[in-house]
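Given next are the chains, with one letter for each unit.
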Amino acid sequence: MSTNDVIARLDAAVSALGDVDVSGWDDTVLAEHLDDLSAALVAVDGQLARLADAVRARGLRVVEPSIAA
């Protein structure tokens, strides 16, 4: 897979996560899906940590991009 494909897939994942808004979920629905939601959040967190660690292992920094005002 090319670097551009990887970046596109990461961008798509960020976009998909940005579309998720649990604030509108009823408490009962949220409670019913909490195990699945928790598993997904833990998996995403683990993958992000793995990628960040791999970047850091190469002697580079993961930095928050500056946003122009």
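Criteria and cut-off values
- Residues numbered from 1 in each chain as written.
- Predicted model: local features only at pLDDT ≥ 70, side-chain atom pairs only at ≥ 80, totals over all residues.
- Heavy atoms only, no water.
- Helix = DSSP H or I, 4+ residues; strand = E, 2+ residues; numbered from the N terminus.
- Rg over C-alpha atoms; globule rule 2.2 N^0.38 Å.
- Buried < 20%, exposed > 50% of the residue type's maximum accessible area, 1.4 Å probe, protein only.
- Areas by Shrake-Rupley, 256 points an atom, 1.4 Å probe, with all protein chains shown as cover.
- Lys, Arg positive; Asp, Glu negative; His and termini not counted.
- Charge placed at Lys NZ, Arg CZ, Asp CG, Glu CD.
- 1 Å grid on protein atoms, 1.4 Å probe; cavity = no way out; pocket = protein on both sides within 12 Å on 5 of 7 lines; lining within 4 Å.
- Points joined across faces, edges and corners; volume = space filled by probe spheres on them.
- Nonpolar A, V, L, I, M, F, W, Y, C, P; charged D, E, K, R; others polar.
- Expected span 1.5 Å × (residues − 1).
- pLDDT = per-residue confidence, 0-100.
- Salt bridge = Lys/Arg side-chain N within 4 Å of Asp/Glu carboxyl O.

K.L.:
Quick rundown of the overall build of the chain? Include the residues and the values.
P.N.:
Within the chain, the secondary structure is distributed over three helices and zero strands. Helices (α) and strands (β) of the chain occur, in sequence order from the N terminus, as α-α-α. In terms of overall size, the chain is more extended than a compact globule, its C-alpha atoms giving a radius of gyration of 16 Å where 69 residues would be expected to give roughly 11 Å. Taking the principal axes of its C-alpha atoms as reference, the chain extends roughly 45 × 30 × 25 Å. Within the chain, buried positions represent 1% of all 69 residues. Carbon together with sulfur atoms contributes 58% to the accessible area of the chain, which is approximately 6200 Å² in total. Of the charged side chains in the chain, 5 are positive and 12 negative; the average position of the first set lies 20 Å away from that of the second.

K.L.:
Before we move on, could you go through the layout of surface pockets and cite the residues and values that matter?
P.N.:
Estimates place the volume of the largest pocket at around 360 Å³. Contributions of two or more residues to the lining of the largest pocket are made by α1 (3-18) and α3 (34-57). Per-element accounting of the lining of the largest pocket gives the leading share, seven residues, to α3. Classifying every residue of the lining of the largest pocket by side-chain character gives twelve nonpolar, one polar and no charged.

K.L.:
Go over α3 with me, naming the residues and quoting the values.
P.N.:
With 24 residues, α3 extends 34 Å between its outermost C-alpha atoms, agreeing within 8% with the 34 Å of an ideal straight helix rising 1.5 Å per residue. Looking one or two residues beyond α3, the residue adopting positive phi is Gly59, at roughly 85°.

K.L.:
A description of the confidence of the model for the chain should follow, citing residues and the corresponding values.
P.N.:
Mean pLDDT for the chain: 94, with 97% of residues reaching 70 or above. Of all helices and strands in the chain, the one with the weakest mean pLDDT is α1 (95), whereas α3 scores best (97).

K.L.:
Outline the pattern of salt bridges, listing residues and values.
P.N.:
The full count for this structure, using the stated rule, is one salt bridge. Measuring nitrogen to oxygen at the nearest pair gives 3.5 Å for the salt bridge that ties Asp53 to Arg56. Taken together, the positions of Asp53 and Arg56, both in helix α3 and three residues apart, correspond to about one turn of that helix.

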